[in-house]
Amino acid sequence: MFIVAVTSCPTGVAHTYMARENLIKAAAKRGIEIKVETQGCTGRENEITAQDIARADAVIIASDVSIAGAERFEPVPTLECSLSEAIKKSVRVIDEVVEAVK
């Protein structure tokens, strides 16, 4: 399974990157490959490409603000959650998206 995710917070600093790290760790615990794009104060980092989207089984959008380029994920099953959920309950978020696409 391959999941792509976007994390973003209103200020685009600490929480954006904390959510990224926790989602990566949670996916690793489940043996799932994940690529996480951050949309922080410096713009998009680790940008998800069209090839990534074509390959993705699911998308996680962990954000408390609107993300740039959300329309590119329309053909892929998408789970939206708050940034704090991605930080504090990242394993549950991964499990939920996996269950949704089984």
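Residues numbered from 1 in each chain as written. Predicted model: local features only at pLDDT ≥ 70, side-chain atom pairs only at ≥ 80, totals over all residues. Heavy atoms only, no water.

A.B. asks: Help me understand the packing of helix α1 (residues 14-29) against helix α4 (residues 90-101) in this model?
C.D. replies: How two helices pack is summed up by the angle between their axes together with the distance between the axes. Contact geometry of α1 with α4 gives a least axis separation of 8 Å together with a crossing angle of 60°. The orientation of α1 with respect to α4, classified from their angle, is oblique. Crossing angle aside, the handedness with which α1 passes α4 is right-handed. Residues N22, L23, A26, A27 and K29 of α1 touch α4, and the partners they reach there are S90, V91, V93 and I94. (Axes fitted to C-alpha atoms, helices over the stretch in contact; angles between N-to-C directions. Helix = DSSP H or I, 4+ residues; strand = E, 2+ residues; numbered from the N terminus. Parallel < 35°, antiparallel > 145°, perpendicular 65-115°, else oblique. Left-handed = near helix turned anticlockwise from the far one by under 90°. Contact = heavy atoms within 4.5 Å.)

A.B. asks: Looking at this structure, I do not really get unusual backbone geometry. What am I missing?
C.D. replies: What you tend to see is this: most non-glycine residues have negative phi, and most peptide bonds are trans. Its identity as a non-glycine residue notwithstanding, N46 has a phi of 60°, on the positive side. When you line up the elements, N46 lands in the loop between β3 (43-45) and α2 (50-55).

A.B. asks: Can you help me understand the pattern of salt bridges in this one?
C.D. replies: Proximity of charged atoms lets side chains of opposite charge pair with each other. Across all of its chains, the model carries nine salt bridges by this definition. Across the pair R55 and E33 runs a salt bridge, and its minimum N-O distance is 2.5 Å. Of this pair, R55 sits in helix α2 while E33 sits in strand β2 (residues 33-40), placing them 22 residues apart in sequence. R44 is paired through a salt bridge with E47; the nearest N and O atoms lie 2.9 Å apart. Note on R44: relative accessible area 34%, which makes it partly exposed. Given a relative accessible area of 41%, E47 falls into the partly exposed group. (Salt bridge = Lys/Arg side-chain N within 4 Å of Asp/Glu carboxyl O. Buried < 20%, exposed > 50% of the residue type's maximum accessible area, 1.4 Å probe, protein only.)

A.B. asks: Any chance you could explain the sheet that holds β3 here in plain terms?
C.D. replies: Taken in spatial order, the five strands of this open sheet run β3-β2-β1-β4-β5, and their pairing is mixed. Lying at the two open borders of the sheet, with one neighbouring strand each, are β3 and β5 (78-81). Averaged over all pairs of adjacent strands, the angle between strand axes in this sheet comes to 15°, irrespective of strand direction. One ladder, built from four bridges, connects strand β4 (residues 58-63) with β5; its direction is parallel. Along β5, the bridge assignment pairs I60 with L79. (Pairing = 2+ DSSP bridges.)

A.B. asks: Is there a simple way to think about the environment of I94 in this case?
C.D. replies: Relative to the assigned elements, I94 resides in helix α4. Apart from the residues lying within four places of it in its own chain, the contact partners of I94 are I3, L23, A26, A27, R30, I32, I34 and I60.

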